[in-house]
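# Topology and contacts: notes
Listed below are the residues making up each chain.
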Amino acid sequence: MSPMSSHNPNTPVAVVTGSTSGIGLGIARKLAEHGHALVLNGLSTPMEADALCTQFMADFGVEAVFSGADLRKPEGVAELIDTATMRFGRLDVLVNNAGIQHTAPVHEFPVEKWDAILALNLSAAFHAIRLALPGMLDRGFGRIVNIASVHGLVGSAHKAAYVAAKHGIVGLSKVVALETAGLGVTCNAVCPGWVLTPLVEKQIADRAAVEGIGIEQAGRELLEEKQPSGQFVTPEQLGELVVFLASGAAAQLTGQALAVDGGWTAR
């Protein structure tokens with residue numbers, strides 16, 4: 001680990017879980033664009049991780065380090081938070097984004113899939129918040145953003161574990177917001193609708209294969225069913241929202257579940 005003395009103590013520091021692709025990478029890039037040093041996390045080889053951190057310095061002039069900690073285990077989450085505090089001496093913004101998905105009817109849902117989804121999509125966020133909060137409260141500043149989902153607000157068939165975990169994230173965000181109200185720390189949940197990530201691209205490809213249609217048509221049908229705008233949310237749009245939530249302008253915005261869903265939940 002590099003000595004933390006090389007880091008400018010005035011540079012804000014953000015941890016973004018699941019930030020090597022998709023939504024997490026989009027959020028991390030926007031935070032870097034606005035001057036945050038980054039702790040990145042996800043599934044990458046050491047070579048890929050080094051290249052990603054180098055790219056952040058080249059693109060944004062901010063330092064980025066990588067942690068490959070396994071967030072399904074409490075000790076892995078502790079390793080991640082320790083990476084931030086040991087390298088940078090502080091943690092200002094925590095974005096809990098890492099997640100996995102599995103679909104099956106409740107009576108057929110594999111127990112091991114339920115356990116894995118709850119561990120990563122919900123328990124990891126709890127442990128990260130639990131470990132990050134003391135430092136934030138000591139400094140009188142912190143921004144916690146939990147990436148939930150439109151499925152934190154409504155349900156969908158065959159997604160029992162994911163929907164349960166994301167509803168849990170929304171509830172957890174409210175509790176943390178109440179416990180930190182007036183102490184300089186905010187906690188909010190962002191609830192995206194369909195975002196064109198590798199996870200959703202797989203769902204589109206699976207649908208196309210089952211229905212014998214093209215990828216483009218399968219994507220349109222997916223949107224038409226749920227998202228009135230007919231357009232995918234982008235990781236960049238979600239990144240801009242997180243940047244706003246991390247700013248002073250959002251100091252009184254806490255305990256909210258912010259739907260970014262093209263009108264999905266307006267119906």
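In what follows, the structure referred to is the one given above.
Quick caveat: nothing in here was measured; it's all calculated off a predicted structure.

Rules of the game
Residues numbered from 1 in each chain as written. Predicted model: local features only at pLDDT ≥ 70, side-chain atom pairs only at ≥ 80, totals over all residues. Heavy atoms only, no water. Helix = DSSP H or I, 4+ residues; strand = E, 2+ residues; numbered from the N terminus. Rg over C-alpha atoms; globule rule 2.2 N^0.38 Å. Buried < 20%, exposed > 50% of the residue type's maximum accessible area, 1.4 Å probe, protein only. Areas by Shrake-Rupley, 256 points an atom, 1.4 Å probe, with all protein chains shown as cover. Lys, Arg positive; Asp, Glu negative; His and termini not counted. Charge placed at Lys NZ, Arg CZ, Asp CG, Glu CD. Disulfide = S-S within 2.5 Å. Pairing = 2+ DSSP bridges. Axes fitted to C-alpha atoms, helices over the stretch in contact; angles between N-to-C directions. 1 Å grid on protein atoms, 1.4 Å probe; cavity = no way out; pocket = protein on both sides within 12 Å on 5 of 7 lines; lining within 4 Å. Points joined across faces, edges and corners; volume = space filled by probe spheres on them. Nonpolar A, V, L, I, M, F, W, Y, C, P; charged D, E, K, R; others polar. Expected span 1.5 Å × (residues − 1). Arc of directions from axis to C-beta. Contact = heavy atoms within 4.5 Å. Phe/Tyr/Trp six-rings, centres within 6.5 Å; stacked < 30°, edge-to-face > 60°.

### Quick word on the overall build of the chain
Scanning the chain from N- to C-terminus turns up 8 helices and 7 strands. Computed over C-alpha atoms, the radius of gyration of the chain comes to 18 Å, within 12% of the 18 Å expected from 2.2 N^0.38 for 267 residues, which places it in the range of a compact globule. Taken along its principal axes, the extent of the C-alpha atoms in the chain is 60 × 40 × 35 Å. Counting over 267 residues, the chain shows a buried share of 46%. Accessible surface, the chain: about 12200 Å² in total, of which carbon and sulfur atoms supply 57%. Within the chain, the 25 negative side-chain charges are centred at a point lying 4 Å from the centre of the 18 positive side-chain charges.

### Concerning the state of the cysteines
Under the counting rule described, the total for this entry stands at 0 disulfides. Free of any disulfide, Cys191 has its nearest neighbouring cysteine sulfur in Cys187, separated by 12 Å.

### Here's the deal with the environment of Pro105
Assignment of secondary structure puts Pro105 in the loop between β4 (93-96) and α4 (111-139). Residue classification places Pro105 among the partly exposed positions, given a relative accessible area of 21%. Considering only alpha carbons, one finds Pro105 and Lys159, 54 residues apart in sequence, at a separation of 7.5 Å.

### Some points on the sheet that holds strand β3 (residues 64-67)
One open sheet accounts for 7 strands, arranged β3-β2-β1-β4-β5-β6-β7; its pairing is parallel. A strand with exactly one partner marks an edge of an open sheet, and here the two such strands are β3 and β7 (257-260). If you compare each strand with its neighbour and ignore which way they point, the axes differ by 20° on average. As judged from the 6 bridges shared by strand β5 (residues 142-147) and strand β6 (residues 185-192), these two strands associate in the parallel manner. Its bridge partner lying in β6, Gly142 is registered against Val185.

### Structural notes on the layout of surface pockets
Taken as a whole, the largest pocket holds about 970 Å³ of empty space. Forming the walls of the largest pocket are 39 residues, and the residues nearest its centre are Asn97, Ala98, Gly99, Ile100 and Leu199. Contributing elements (two or more residues each) for the lining of the largest pocket: α1 (22-33), α5 (160-180) and α6 (198-211). Looking at the lining of the largest pocket element by element, the count peaks at 4 residues for α6. Residues belonging to the lining of the largest pocket are distributed by class as follows: 18 nonpolar, 17 polar and 4 charged. If you add up the space inside the second largest pocket, you get close to 510 Å³.

### Examining α6
Over its 14 residues, α6 runs 20 Å from end to end, which matches the ideal 20 Å to within 8%, given 1.5 Å per residue. Of the positions making up α6, those classed as buried are Val200, Ile204, Arg207 and Ala208. In an axial view of α6, the angular spread of the buried residues amounts to 100°, which keeps them on one side of the axis. The outward face of α6, more than 90 degrees from its buried face, is lined by the exposed residues Pro198, Lys202, Ala209 and Val210. Looking at the packing, one finds that the buried side of α6 touches α7 (215-226). Where α6 terminates, the next one or two residues include Gly212, which has phi positive at roughly 65°.

### Quick notes on empty space enclosed by the protein
A water-sized probe rolled over the atoms picks out the places where empty space is left. All told, the structure shown has 1 cavity of 30 Å³ or more when counted by the stated rule. By volume, the largest cavity amounts to about 80 Å³. Taken together, 15 residues form the lining of the largest cavity, with Asn96, Asn97, Ala98, Leu120 and Ala125 sitting closest to its centre. Those elements giving two or more residues to the lining of the largest cavity turn out to be α3 (74-88), α4 and α5. No other element matches the 5 residues that α4 contributes to the lining of the largest cavity.

### Considering the packing of aromatic side chains
Going through the model one piece at a time under the given rule, you end up with 2 aromatic pairs. Between Phe56 and Phe60, the ring centres sit 5.8 Å apart and the planes meet at 55°, which makes this aromatic pair tilted. Placement of both Phe56 and Phe60 in helix α2 (residues 46-60) is noted, with a separation of 4 residues, approximately one turn of the helix. A relative accessible area of 1% means that Phe56 is categorised as buried. Ring plane angle 40° and centroid distance 5.5 Å describe the contact between Trp194 and Trp264, whose orientation is recorded as tilted. With Trp194 in the loop between β6 and α6 and Trp264 in the segment after β7, this residue pair connects regions lying 70 residues apart in the sequence.

Honestly, that's just the spatial picture; any functional story needs more than this.
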